[in-house]
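Here's the letter readout for the chains.
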Amino acid sequence: MSAQPSKTLETFPNPAPQRDFCIRMRIPEFTCLCPKTGQPDFGTLYLEYIAEKKCVELKSLKLYIWSFRNEGCFHEAVTNQILDDLVKALSPRYMRLTAVFNVRGGIYTHVTAEHRKKGWKGTLPPPAWHVDPTGAGQTP
């Protein structure tokens, strides 16, 4: 059984909807193409969210992330698109996506996009990892 890239994000019920708890994922193998040159861009995605009723299923997230491999995307656009798609699928209380791209032309790009559900007043605990500004070593 072989897997194929997919834009479908599957979900499952939040096992503890009565409380805020933070789900954090580090996705170190993100790739897309530079829309100007067609050359590959590599990055690590850091996803943090507080679920409302649904959580994202990991295999579908992996296949969704894989679906960008052959797409030309500006870093800013793809980060916001991924956040928008996840928010649409999950309707979380809170979600933050940070994309840390490897060097291109001597420049490292970090893009952070956030979503807060209207009326949510919770707080997010500090990150469980440190993002190295060079992208060389993220530490948990």
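Just above sits the structure.
Please read all numbers here as calculations on a predicted model, not as lab measurements. (Residues numbered from 1 in each chain as written. Predicted model: local features only at pLDDT ≥ 70, side-chain atom pairs only at ≥ 80, totals over all residues. Heavy atoms only, no water.)

Enquirer: Outline the packing of aromatic side chains, supporting the account with residue identities and numerical values.
Expert: As enumerated under the stated definition, the model contains 4 aromatic pairs in all. Each ring, one from Tyr94 and one from Trp120, has its centre 5.5 Å from the other, and the planes form 35°; the classification is tilted. With a gap of 26 residues between them, Tyr94 in strand 5 (residues 94–104) and Trp120 in the segment after strand 6 (107–116) connect regions that are remote in the sequence. Accessibility classification places Tyr94 together with Trp120 in one group, the buried group. Pairwise contacts between aromatic rings join Phe30, Tyr64, Phe68 and Phe101 into one cluster. Over the face of the ring belonging to Phe68 we find Lys7, whose NZ or CZ atom lies 3.4 Å from the ring centre. (Phe/Tyr/Trp six-rings, centres within 6.5 Å; stacked < 30°, edge-to-face > 60°. Helix = DSSP H or I, 4+ residues; strand = E, 2+ residues; numbered from the N terminus. Buried < 20%, exposed > 50% of the residue type's maximum accessible area, 1.4 Å probe, protein only. Lys NZ or Arg CZ within 6 Å of the ring centre and 35° of its normal.)

Enquirer: Describe unusual backbone geometry, listing the residues and the values that go with them.
Expert: Of note in this structure, Ser91 is not a glycine but carries a positive phi near 50°. One can find Ser91 in the loop between helix 2 (75–90) and strand 5. Overall, Ser91 belongs to the partly exposed group, its relative accessible area being 42%.

Enquirer: Report on the pattern of salt bridges, specifying residues and quantitative values.
Expert: Within the structure shown, the criterion is met by 8 salt bridges. In this structure, Arg24 engages Glu48 in a salt bridge whose closest nitrogen and oxygen atoms are separated by 2.7 Å. Separated by 24 residues along the polypeptide, Arg24 in strand 2 (residues 22–33) and Glu48 in strand 3 (residues 40–50) bring together distant segments of the chain. You can call Glu48 buried: its relative accessible area is 3%. Notably, a salt bridge pairs Arg96 with Glu114, separated by 3.2 Å at the nearest N-O pair. (Salt bridge = Lys/Arg side-chain N within 4 Å of Asp/Glu carboxyl O.)

Enquirer: Give a description of helix 1 (residues 58–66) that names residues and reports values.
Expert: Of the positions making up helix 1, those classed as buried are Ser60, Leu61, Leu63, Tyr64 and Ile65. Summarising the contacts, the buried residues of helix 1 are in contact with strand 2, strand 3, strand 4 (54–56) and helix 2. For helix 1, the side-chain oxygen to backbone nitrogen distance between the N-cap and Lys59 is 3.1 Å, and the N-cap itself is Glu57. (Contact = heavy atoms within 4.5 Å. Polar contact = N/O pair within 3.5 Å; in protein donor to acceptor, adjacent residues only side chain to side chain.)

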